[in-house]
Amino acid sequence: PTGSGKTIIAAEIIKKNNYKNILITVPTINLIKQWKEVLSSEGINLMNITITTIQSQYKNKEVEYDLLINDEGNHSVAAAWVKLLENNKFNNILLLTPKMEREDERHLLLEKFGIKILYPATHQDGIDEKLLSQYDIINIGVKLNESERELYDKLHNFILKHFKTFHYDYN
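Below or above, wherever it landed, is the structure these notes cover. (Residues numbered from 1 in each chain as written. Predicted model: local features only at pLDDT ≥ 70, side-chain atom pairs only at ≥ 80, totals over all residues. Heavy atoms only, no water.)

## Topic: the packing of helix H1 (residues 6-16) against helix H2 (residues 29-41)
Their axes nearest at 10 Å, the elements H1 and H2 cross at an angle of 50°. Judged by the angle between their axes, H1 and H2 are oblique. The two elements H1 and H2 meet at a crossing, and its hand is right-handed. Counted together, Thr7, Ile8, Ala10, Ala11 and Ile14 of H1 and Gln34, Trp35, Val38 and Leu39 of H2 form the full contact between these two elements. Taken together, the residues that form the contact of H1 with H2 break down as seven nonpolar, two polar and no charged. (Axes fitted to C-alpha atoms, helices over the stretch in contact; angles between N-to-C directions. Helix = DSSP H or I, 4+ residues; strand = E, 2+ residues; numbered from the N terminus. Parallel < 35°, antiparallel > 145°, perpendicular 65-115°, else oblique. Left-handed = near helix turned anticlockwise from the far one by under 90°. Contact = heavy atoms within 4.5 Å. Nonpolar A, V, L, I, M, F, W, Y, C, P; charged D, E, K, R; others polar.)

Okay, structure coming up:
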């Protein structure tokens, strides 16, 4: 689940194995920085590790890595991004995600690549096992002036459009 230490688990796997080259794909540029910070803080040399967005990597062909770590791994089977798995060779694959199952059932494609779900857990499981803190989400409404409302509406429409493109359920 979100906040359960998936990145730290991946760092431990890297430290305990002798991988010659590692590819880490993430969905956002911000996560690249986060991964570099976590791996560095864990004493991991980044020299043989490529950390990039999946958007920058999925079109590559005939690339070979000892280990692929895919952060937000449920997206790895999206129609376009599954090409990363189809067109390249990875000796080991680790998908990290707060939720593997997809409404379009594309998660079933993972078996084709020899990927098995090892430890399915929900956020509530983490709370029940006292690994995660209980929290409340509180929405606080704010008044927007006219220019703020225009910007908000513009960004909101942009997000709605792109969530539909990637089959996300914004609601």
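## Here's the deal with the pattern of salt bridges
What the rule picks out here adds up to four salt bridges. Between lysine 89 and glutamate 64 there is a salt bridge, and its shortest N-O distance comes to 3.7 Å. In this pair, lysine 89 sits in strand S4 (residues 89-96) while glutamate 64 sits in strand S3 (residues 64-71), placing the two residues 25 residues apart along the sequence. Residue lysine 89 is classed as partly exposed on the basis of its relative accessible area, which comes to 46%. A salt bridge links aspartate 153 to arginine 149, with the shortest nitrogen-to-oxygen separation between them at 3.3 Å. (Salt bridge = Lys/Arg side-chain N within 4 Å of Asp/Glu carboxyl O. Buried < 20%, exposed > 50% of the residue type's maximum accessible area, 1.4 Å probe, protein only.)

## Observations regarding the sheet that holds strand S1 (residues 22-26)
Strand pairing in a sheet is mediated by backbone hydrogen bonds. Such pairs are either parallel or antiparallel. Spatially, the four strands line up as an open sheet ordered S2-S1-S3-S4, and their pairing is parallel. Looking along the sheet, the strands with just one partner apiece sit at the ends: strand S2 (49-53) and S4. Within the sheet, the average angular offset between the axes of one strand and its neighbour, ignoring direction, is 20°. Here five bridges tie S1 to S2, and the two strands are oriented parallel to one another. Bridge pairing links leucine 23 to threonine 50 in S2. Contacting S1, S2, S3 and S4, H2 crosses the sheet at an angle of about 155° to S2. (Pairing = 2+ DSSP bridges.)

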